[in-house]
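# Report on the structure
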Amino acid sequence: MTAPVQITDVFLRDGLQDEPVFVPVHDRLSIAEALTAAGVRSLEVASVVNPARVPQMAGAEELIAALPPAGPARHSVLALNGRGVERAVAAGAHEINVAVSAGQSHSRANAGRTTEQALDELAAAIGKAAADHPEITFYGAVSTAFNCPFDGEIRPDRLGAIVGRLAEMRVARIGLADTLGTAPTTQVVRALKAVRSAFPDAVLSLHLHNALGQALATVDAALELGLTHFDSAVGGYGGCPFAPGAHGNLDTRDLVAHLHASGVTTGIDEGTLAEAFALVRACLARAEPVTS
């Protein structure tokens, strides 16, 4: 396997949102710069959510405005609803990742609305934003795509219906997230095949957490199916505050080393990535505890 793989490091969003500390914007900017220096060309840097619910994401607009708009790395922002899309647009985001939950109960806990309500609201928000700002790229993401902490296993036909709605919004790529990190590789492959059969033109990626140590095996299986884009977080940090039992992300360091050992190119330098991880550790160590 020699086709290049693109990695989006999600530490600044998913990695930080479940940590018990608040990392100030200037340190988050330094981490983004260090990851970019390592060759990471895609970063998810924030989610525009109510800081009362996720205080770790406070300062998202300030961070977005401070990031270089035309640097070597692209920066995406997560939005869960129409208001989030509006805030991301107003902050100057050039890439917006809209996320919905396949698990109905997780959608209520995470976004405060049903999956169908979230999809309707996001479709309207994207339609307006895309008309007013054609330079913005929209992506789609499905959290709890395989297992929900409240509803259990997600049927492939339900996942397919959600992917279909996102495809109608003309998003550039649709990420499927194993939010809990417990989905066996066979389950992920079965779901991927079903979705690709129903929507052969959809560009898919995987966002893998790693509760059972199976994430790299899932990456290998997804590569065999032709996927070339994966999310991970340096240091393996992360989790969802509204998904009990969620584990940390697949570590970007492990993913890069695994791909390089398999002959897959990523454009990321492992030594410089280790330096970025050291900076992450230092920033977390000096960060103040979050306050509710």
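Notes on the structure follow.

Reading the values: the criteria
Residues numbered from 1 in each chain as written. Predicted model: local features only at pLDDT ≥ 70, side-chain atom pairs only at ≥ 80, totals over all residues. Heavy atoms only, no water. Phe/Tyr/Trp six-rings, centres within 6.5 Å; stacked < 30°, edge-to-face > 60°. Lys NZ or Arg CZ within 6 Å of the ring centre and 35° of its normal. Salt bridge = Lys/Arg side-chain N within 4 Å of Asp/Glu carboxyl O. Helix = DSSP H or I, 4+ residues; strand = E, 2+ residues; numbered from the N terminus. Buried < 20%, exposed > 50% of the residue type's maximum accessible area, 1.4 Å probe, protein only. Expected span 1.5 Å × (residues − 1). Arc of directions from axis to C-beta. Contact = heavy atoms within 4.5 Å. Core = buried A, V, L, I, M, F, W, Y, C linked by side-chain atoms within 4.5 Å. Polar contact = N/O pair within 3.5 Å; in protein donor to acceptor, adjacent residues only side chain to side chain.

## As for the packing of aromatic side chains
Following the criterion strictly, the structure yields one aromatic pair and no others. Arg173 extends its terminal NZ or CZ atom over the ring of Tyr139, reaching a point 4.3 Å from the ring centre. For Arg253, the ring lying beneath its charged end belongs to Phe277, and the centroid distance is 3.8 Å.

## Focus on the pattern of salt bridges
Between side chains of opposite charge, a pair can form as their charged atoms come close. Under the counting rule described, the total for this entry stands at 14 salt bridges. Two residues, Arg13 and Glu44, come together in a salt bridge whose shortest N-O distance is 2.8 Å. One end of the pair, Arg13, is in helix α1 (residues 11-17); the other, Glu44, is in strand β3 (residues 42-47), and 31 residues separate them in sequence. The same class applies to Arg13 as to Glu44, namely buried.

## Focus on helix α6 (residues 115-132)
The terminal C-alpha atoms of α6, which comprises 18 residues, lie 26 Å apart, in line with the 26 Å expected from a rise of 1.5 Å per residue. For α6, the set of buried residues is Thr115, Ala118, Leu119, Leu122, Ala125, Ile126 and Ala129. Looking straight down α6, one finds its buried side chains confined to an arc of 140°; they lie on one side. Across α6 from its buried face, at more than 90 degrees, point the exposed residues Ala124, Lys128 and Ala131. Buried residues along α6 sit against β4 (74-79), α4 (82-91), β5 (95-101), α5 (104-111), β6 (137-143) and α7 (156-168).

## Points about the nonpolar core
Within the largest apolar cluster, 98 residues are counted, with the highest numbers of intra-cluster contacts made by Phe11, Leu159, Leu166, Leu176 and Leu206. Phe11 has contacts with Leu16, Ile31, Ser232, Ala233, Val234, Tyr237, Val280 and Leu284, leaving out every residue within four places of it along the chain.

## A short note on α7
Between the first and last C-alpha of α7 there are 18 Å, a value that for 13 residues agrees with the 18 Å anticipated at 1.5 Å per step. Among all positions in α7, only Leu159, Gly160, Ile162, Val163, Gly164 and Leu166 are buried. In this structure, the buried residues of α7 make contact with β5, α6, β6, β9 (174-178) and α8 (185-198). A positive phi of about 60° marks Arg170, the residue just after α7.

## With respect to the environment of Arg28
Within the element layout of this structure, Arg28 appears in helix α2 (residues 25-37). Relative accessible area serves as the criterion here: at 0%, Arg28 is assigned to the buried category. C-alpha of Arg28 to C-alpha of Leu63: the two residues are 35 residues apart in sequence and 7.7 Å apart in space. Engagement of the side chain of Arg28 in a polar contact is seen with the backbone oxygen of Val23, the distance being 2.9 Å.

## Digging into unusual backbone geometry
Residues other than glycine seldom take positive phi values, yet Thr144 does so here, at roughly 45°. Tracing the chain through its elements places Thr144 in the loop between β6 and β7 (147-148). Residue class for Thr144 comes out buried when judged on its relative accessible area of 0%. Residues other than glycine seldom take positive phi values, yet Arg170 does so here, at roughly 60°. You can see Arg170 is positioned in the loop between α7 and β9.

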